[in-house]
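Chain residues, written in single-letter form:
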Amino acid sequence: MKSRRVRAIIAGATGYSGRELIRLLLQHPRLEIAGVFASRSSEAQPVAAIHPQLTGLTDLECRPFDEREIGQLDAQLIFLATPNEFSHEVVPGLLEAGLTVVDLSGAFRLRRPDEYPHYYGFEHSRPDLLRTAVYGLTEFARDSLHQARLIANPGCYPTSVLIPVAPLVEAGIVEPDQPIICDSKSGVTGAGKTPTNNTHFSEVTESLKAYSLFRHRHSPEIAQGLSFDGLQSRVVFTPHLLPINRGILSTIYFKAAPGVSSQEIARVWQSQFSRCPFVRVFPEERLPEIKFAANTPFCDIGCVVDSDSRQAIAFGAIDNLLKGAASQAVQNANLALGFNEADGIWPHGAGL
Ligand SMILES: NC(=O)c1ccc[n+]([C@@H]2O[C@H](COP(=O)([O-])OP(=O)(O)OC[C@H]3O[C@@H](n4cnc5c(N)ncnc54)[C@H](OP(=O)(O)O)[C@@H]3O)[C@@H](O)[C@H]2O)c1
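(A) Representation of the state of the cysteines in the model. Summed over all chains, the structure comprises zero disulfides. Lacking any disulfide linkage, Cys276 is separated from the closest cysteine sulfur, that of Cys299, by 11 Å. A relative accessible area of 6% places Cys276 in the buried class.

(B) Local environment of the pattern of salt bridges. Per the stated rule, a full pass over the model turns up 17 salt bridges. The salt bridge partner of Glu20 is Arg23, with a shortest N-O separation of 2.8 Å. A residue pair is termed a helical-turn pair when its members lie 3 or 4 positions apart in one helix, as Glu20 and Arg23 do in helix α1 (residues 16-26) at three residues. For Glu289, the salt bridge goes to Arg286, with nearest N and O atoms at 3.2 Å. When its relative accessible area of 27% is taken as the criterion, Glu289 is described as partly exposed.

(C) Layout of the site of the ligand. Around the ligand sit 25 residues, and of these Thr14, Ser17, Ser39, Thr82 and Lys193 come closest. A distance of 3.0 Å is found between an oxygen atom of the ligand and a backbone nitrogen or oxygen belonging to Tyr16. Within the side chain of Asn320, a nitrogen or oxygen atom sits 2.9 Å from an oxygen atom of the ligand. Protein contact buries 78% of the 900 Å² of open area that the ligand shows by itself. A breakdown of the residues in the shell around the ligand according to their chemical character gives ten nonpolar, 13 polar and two charged. Domain assignment of the residues forming the shell around the ligand places at least three in each of domain 1 (6-153 + 325-337) and domain 2 (157-318).

(D) Spotlight on the pairing of strand β6 (residues 100-103). Residues Thr100 and Val102 point to one face of β6 and Val101 and Asp103 to the other, with burial holding for every one of them. Strand direction decides the pairing type here: strand β5 (residues 77-80) and β6, joined by four bridges, are parallel. Directly across from Ile78, in β6, lies its bridge partner Val101. The parallel pair β5 and β6 is bridged by helix α4 (residues 84-96), and the resulting crossover is right-handed. In terms of strand pairing, β6 meets strand β8 (residues 150-152) through three bridges, oriented parallel. Note that in β8 the partner of Val102 across the bridge is Ile151.

(E) A look at the sheet that holds strand β11 (residues 235-241). Strand order across the open sheet formed by seven strands is β10-β11-β9-β12-β15-β14-β13, with mixed pairing between neighbours. Across the chains shown, the open sheet's two edge strands, defined by having one partner strand only, are β10 (209-210) and β13 (279-281). Direction of pairing for strand β9 (residues 180-186) relative to strand β12 (residues 248-255): antiparallel, over a ladder of six bridges. From the neighbouring strand, Cys182 faces β12, where its bridge partner is Ile252. Along the sheet face, helix α8 (residues 156-170) touches β9, β11, β12, β13, β14 (299-305) and β15 (311-318) and points at about 30° away from the line of β12.

(F) Geometry of the environment of Thr138. Relative to the helices and strands, Thr138 is located in helix α7 (residues 138-145). For Thr138, a relative accessible area of 0% puts it in the buried group. Taking the C-alpha atoms as reference points, Thr138 and Ala336, separated by 198 residues in sequence, lie 10 Å from one another. Setting aside its immediate chain neighbours within four residues, Thr138 contacts Leu145, Lys323, Gln328, Gln331, Asn332, Leu335 and Glu341. There is a polar contact of 2.9 Å between the side chain of Thr138 and the side chain of Asn332.

(G) Inspection of the sheet that holds strand β2 (residues 31-38) at higher detail. The mixed open sheet is built from eight strands, whose spatial order is β3-β4-β2-β1-β5-β6-β8-β7. The open sheet terminates on both sides in strands that have one partner only, identified here as β3 (45-46) and β7 (134-135). By the bridge criterion, three bridges tie β2 to strand β4 (residues 61-64) in an arrangement that is parallel. What sits directly across from Val36, in β4, is Cys62.

(H) How the structure looks around the packing of aromatic side chains. As enumerated under the stated definition, the model contains ten aromatic pairs in all. For the ring pair Phe65 and Phe86, a centre distance of 4.8 Å and an interplane angle of 85° mean the geometry is edge-to-face. One end of the pair, Phe65, is in the loop between β4 and α3 (67-71); the other, Phe86, is in helix α4, and 21 residues separate them in sequence. The buried category is assigned to Phe65, whose relative accessible area is 4%. Through a chain of ring-to-ring contacts, three or more aromatic side chains come together here, namely Phe37, Phe65 and Phe86. One cation-aromatic arrangement involves Arg280 over Phe298; the distance from NZ or CZ to the ring centre is 4.0 Å.

Conventions used here
Residues numbered from 1 in each chain as written. Predicted model: local features only at pLDDT ≥ 70, side-chain atom pairs only at ≥ 80, totals over all residues. Heavy atoms only, no water. Disulfide = S-S within 2.5 Å. Buried < 20%, exposed > 50% of the residue type's maximum accessible area, 1.4 Å probe, protein only. Salt bridge = Lys/Arg side-chain N within 4 Å of Asp/Glu carboxyl O. Helix = DSSP H or I, 4+ residues; strand = E, 2+ residues; numbered from the N terminus. Near = heavy atom within 4 Å. Polar contact = N/O pair within 3.5 Å; in protein donor to acceptor, adjacent residues only side chain to side chain. Areas by Shrake-Rupley, 256 points an atom, 1.4 Å probe, with all protein chains shown as cover. Nonpolar A, V, L, I, M, F, W, Y, C, P; charged D, E, K, R; others polar. Domains from an automatic or database assignment. Pairing = 2+ DSSP bridges. Right-handed = clockwise from strand over helix to strand, strands pointing away. Contact = heavy atoms within 4.5 Å. Axes fitted to C-alpha atoms, helices over the stretch in contact; angles between N-to-C directions. Phe/Tyr/Trp six-rings, centres within 6.5 Å; stacked < 30°, edge-to-face > 60°. Lys NZ or Arg CZ within 6 Å of the ring centre and 35° of its normal.

Note that every value here comes from positions in space, so none of it alone points to a role or purpose.
Laid out in structure tokens, this is it:
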């Protein structure tokens, strides 16, 4: 007998991550789209008119966000690809309505409510949900994801840093007396679909610039992910805007413990990620590049250690809209619902 599909809603469907979610769910064997929504003030429009890439693939209509309409959709799950403030506002009601929530924003990622005013510009009204939300860096959250009700999907930069570095900190391979320096570069879709003075074409093209030094929202998230709560000086994170469409490369510098070689680091990763379909360990001779990871759901990692100085340089490359957002959200939903982790994601997951 064919198993019934689980019905899922996508909010923020007019955005870049929302578009990737629609595309992944259209090919998903066990999830079906119950409805797609944009902001409350938006006008109803066919999805294919908003995202011409999806022409001929769906006749869904994207509608203004409306809790009452959402409550009547007989859905089990909702993906929120919406701004932080909006997710913060609507998540409690969606949980009360019985939906499982996968939130792609940062509204429920940090465990400490006192970090929200500084990094996000608002007081957090639900510290209880910060304590119970599952931080969905899938490869490290498997056990907590099953039947989770609120999943805080990780930020794109933290995904590219934490996947390579967290197992090395855990294994005692990273010397604690020097900061871990994360030099990260992202394509411009990382800033969402609305152009700003800093992100429109002529500002970005043929250049490379750093931004949000010491105050980027992903700094506390990286520190938290490495269990450095309250010790943020152990991580220096510098994001850069790269004049390409999609993809992130994080170059991460740290001092390795005595006697640690590149081969030992590769062994730690192979053992940590042996059952993880979306992490690929690259050899020293062929390090990760954005073009290998872009339009894929993988996080590509690699490392070189200079044995004399013990200086190590690790790399994490992802597609910010896929492993950094939509495909990781689907990985998390799959595990929450007891499906196969790769359902709907790969091998059919190449971008449009
Ligand atoms: N872009 C990335 O690489 C990336 C990676 C990881 C996580 N994220 C996070 O994922 C979320 C979506 O990011 P994105 O880049 O896909 O954004 P985006 O392209 O700017 O799209 C934002 C979506 O949210 C809707 N929206 C905007 N203001 C709203 C409001 N006040 N109330 C309800 N809906 C509203 C928009 O609808 P309208 O069209 O009607 O305005 C649109 O559908 C953000 O929280 C972002 O931080 C993004």
